[in-house]
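Results of the structural survey
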Amino acid sequence: MDKDERRLSDALILGTALAAGALALAVNIPAVQEIFASRSRKKLAGLPDYPAYQKGQRVLMVSPHPDDETLATGAQISQAVRNGAEVYIAWMTNGDGFVLDSLIAERTDKPKGDLELGRTRMKEGQKAGATLGVGSEHQRFLGFPDGSLKKVWEAGLQDGDKVVESSATHATAVPYEGTLHPQQPYTANNFRQDITELLDDIKPDFVLLPAIHDMHPDHHATNLFWTQVLRERGELKKARYWLIHGGLEWPLPKGLLPHFPLLVSPRGKKMAWQQFEVQQEDQLNKLQAVFAHETQVDMLLNFMLSFCRANELVALED
Ligand SMILES: [Zn+2]
């Protein structure tokens, strides 16, 4: 690319970003929101209802980071527990890779180590889980490296026992107490073994997974690992899918709009979604669980509140 072409391409990128920003601002104006809301309800009108989980059913939420459990399925979990279902949450990572977050959260130029952030976010996950009704005996932490799950998956394509180093903490083995296997090396085979152990132990009827179309590499890799193991066991039909990183500026509008529907994301357009209707009590629990993630709320509050809507979206196929 020569200089002129580069200048043109920079201008195009800037123009697109500005247009997206202006659109985001426009849909956040209340009058525009009302028009947008009624159109949105119409758009979702054709989607089938997704039923709440009931007594006798066993549900496993697979959460790549502490906060996904709340944002994607907080209301489903809360209602399932109220209905008497057995609900478990398994966190793949402790969220120790969010370096920018550790800088901002500590408001200091000497942030605590990433392992401290990992320990803090593990506690936040525990608190959020308990707020949704899932106590510590139904919580599992794998402690794999935040931001490096894709690396673990890719290394495993060559050699399942190849040890991967976390880009954030430089750990090569699970550094946290209270995880499934502390000190276990970061390998694809160990990750798959943990998944197998969870499935054998919990025997879920439903496994709630990030969709393959989720933009976050950890979410994507979580999908690849879990669908691989479920497929091998002939249990893929147990999977239900959710999506958080659904494309530029999604979800719109941003912020707390509890009566507004969560729309299908740009990246999820080709998926067959069903909508779960959120009850008020569960919406309040979800909102409270959002605030359990103090390190995240500091930075991402508006984004996180955008998931506390009148519905949650669930897909039966990826
Ligand atoms: Zn996540």
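Cut-offs and rules
- Residues numbered from 1 in each chain as written.
- Predicted model: local features only at pLDDT ≥ 70, side-chain atom pairs only at ≥ 80, totals over all residues.
- Heavy atoms only, no water.
- Helix = DSSP H or I, 4+ residues; strand = E, 2+ residues; numbered from the N terminus.
- Buried < 20%, exposed > 50% of the residue type's maximum accessible area, 1.4 Å probe, protein only.
- Contact = heavy atoms within 4.5 Å.
- Areas by Shrake-Rupley, 256 points an atom, 1.4 Å probe, with all protein chains shown as cover.
- Expected span 1.5 Å × (residues − 1).
- Arc of directions from axis to C-beta.
- Patch = residues over 30% accessible without salt bridge, like charges linked within 9 Å, V, L, I, M, F, W, Y side chains within 5 Å.
- Salt bridge = Lys/Arg side-chain N within 4 Å of Asp/Glu carboxyl O.
- Lys, Arg positive; Asp, Glu negative; His and termini not counted.
- Charge placed at Lys NZ, Arg CZ, Asp CG, Glu CD.
- Phe/Tyr/Trp six-rings, centres within 6.5 Å; stacked < 30°, edge-to-face > 60°.
- Axes fitted to C-alpha atoms, helices over the stretch in contact; angles between N-to-C directions.
- Parallel < 35°, antiparallel > 145°, perpendicular 65-115°, else oblique.
- Nonpolar A, V, L, I, M, F, W, Y, C, P; charged D, E, K, R; others polar.
- Donors = N, O, S within 2.8 Å, 3.2 Å for Na, K, Ca; no water.
- Tetrahedral: all angles 85-135°; square planar, octahedral: opposite > 155°, others 65-115°.
- pLDDT = per-residue confidence, 0-100.
- Pairing = 2+ DSSP bridges.
- Right-handed = clockwise from strand over helix to strand, strands pointing away.

Looking at an unreviewed UniProt entry, one finds the protein chain named 1D-myo-inositol 2-acetamido-2-deoxy-alpha-D-glucopyranoside deacetylase, with Deinococcus xinjiangensis as its source organism.

Turning next to the overall build of the protein chain. Each helix and strand counted, the protein chain has ten helices and seven strands in total. Sorting the 318 residues of the protein chain into buried and exposed places 52% on the buried side. Sequence-distant contacts in the protein chain: of pairs separated by 6 or more residues, those separated by 24 or more amount to 78%. Only carbon and sulfur atoms are counted for the fraction: they give 55% of the accessible area of the protein chain, which is about 14800 Å².

Moving on to helix 5 (residues 114-131). The end-to-end C-alpha separation of helix 5 is 25 Å, in line with the 26 Å expected for 18 residues at 1.5 Å each. Within helix 5, the full set of buried residues consists of Asp-114, Leu-117, Gly-118, Arg-121, Met-122, Glu-124, Gly-125, Ala-128 and Gly-129. Taken end-on, helix 5 shows its buried residues confined to a sector of 165°, consistent with a single buried face. One or two positions beyond helix 5, positive phi appears at Gly-133, with a value near 105°.

A surface patch of like charges, here positive, comprises Arg-39, Lys-42, Lys-43 and Lys-269. The topology assignment puts Lys-43 in helix 2 (residues 30-44). With relative accessibility at 65%, the residue Lys-43 sits in the exposed group.

Before going further, it helps to spend a moment on the packing of aromatic side chains. The full count for this structure, using the stated rule, is nine aromatic pairs. Consider the rings of Trp-91 and Phe-141, whose centres lie 4.4 Å apart with planes at 10°: the pair is stacked. With a gap of 50 residues between them, Trp-91 in strand 2 (residues 86-93) and Phe-141 in strand 3 (residues 139-144) connect regions that are remote in the sequence. Side by side, Trp-91 and Phe-141 carry an identical accessibility label, which is buried. Summarising the aromatic geometry, the rings of Phe-144 and Phe-191 are spaced 4.7 Å apart at their centres and angled 70° between planes, so their arrangement reads as edge-to-face. With Phe-144 in strand 3 and Phe-191 in helix 7 (residues 188-202), this residue pair connects regions lying 47 residues apart in the sequence. Both residues of the pair, Phe-144 and Phe-191, belong to the buried class.

Take the pattern of salt bridges next. Enumeration according to the criterion identifies nine salt bridges in this entry. The partner of Asp-67 in a salt bridge is Arg-121, and the shortest N-O contact between them spans 3.8 Å. Of this pair, Asp-67 sits in the loop between strand 1 (58-63) and helix 3 (68-83) while Arg-121 sits in helix 5; the two residues are 54 residues apart in sequence, bridging distant segments of the chain. The exposure classification of Asp-67 matches that of Arg-121, with both residues buried. In this structure, Arg-140 and Asp-201 form a salt bridge, with 3.3 Å as the shortest nitrogen-oxygen distance.

This paragraph deals with the packing of helix 5 against helix 9 (residues 280-292). The geometry of helix 5 relative to helix 9 is characterised by a closest axis approach of 8 Å and an angle of 170° between their N-to-C directions. By the angle class used here, helix 5 and helix 9 are roughly antiparallel. From helix 5, Glu-124, Lys-127, Ala-128 and Thr-131 reach across to helix 9, where they touch Asn-285, Gln-288, Ala-289 and Ala-292. The residue inventory of the contact of helix 5 with helix 9, partitioned by class, reads three nonpolar, three polar and two charged.

What follows deals with the coordination of the zinc ion. Distances from the zinc ion to its protein donors, namely His-65 (ND1), Asp-68 (OD), Asp-68 (OD) and His-219 (NE2), fall within the range 2.1 to 2.5 Å. Taken together, the four donor atoms coordinating the zinc ion and their angles of 54 to 144° define a geometry best described as irregular. Along the chain, the residues donating to the zinc ion fall in the pattern H-x2-D-x150-H. One end of the pair, Asp-68, is in helix 3; the other, His-219, is in helix 8 (residues 217-232), with 151 residues separating them in the sequence. Across the pair, His-219 and Asp-68 agree in class, each one buried.

Overall, the predicted model of the protein chain reaches an average pLDDT of 90, with 85% of residues at or above 70. Averaged pLDDT values for the elements of the protein chain fall to 54 in helix 4 (residues 99-106) and rise to 99 in strand 1.

Now for the environment of Lys-237. Secondary-structure assignment places Lys-237 in the loop between helix 8 and strand 5 (239-242). Among the residues examined, Lys-237 registers a relative accessible area of 66% and is labelled exposed. Considered as a pair, Lys-237 and Thr-227 are ten residues apart in the sequence and their alpha carbons are 9.8 Å apart.

What follows covers the pairing of strand 1. Among the six residues of strand 1, five are classified as buried, and the element is accordingly described as predominantly covered. Of the strand pairs in this sheet, strand 1 and strand 2 are connected by six bridges, and their pairing is parallel. Residue pairing in the sheet places Ser-63 in a bridge with Trp-91 of strand 2. Regarding topology, helix 3 serves as the crossover connection from strand 1 to the parallel strand 2, and that connection is right-handed. The pairing of strand 1 with strand 4 (residues 206-210) spans three bridges and is parallel. Across the sheet, the residue bridging to Leu-60 is Val-207, located in strand 4.

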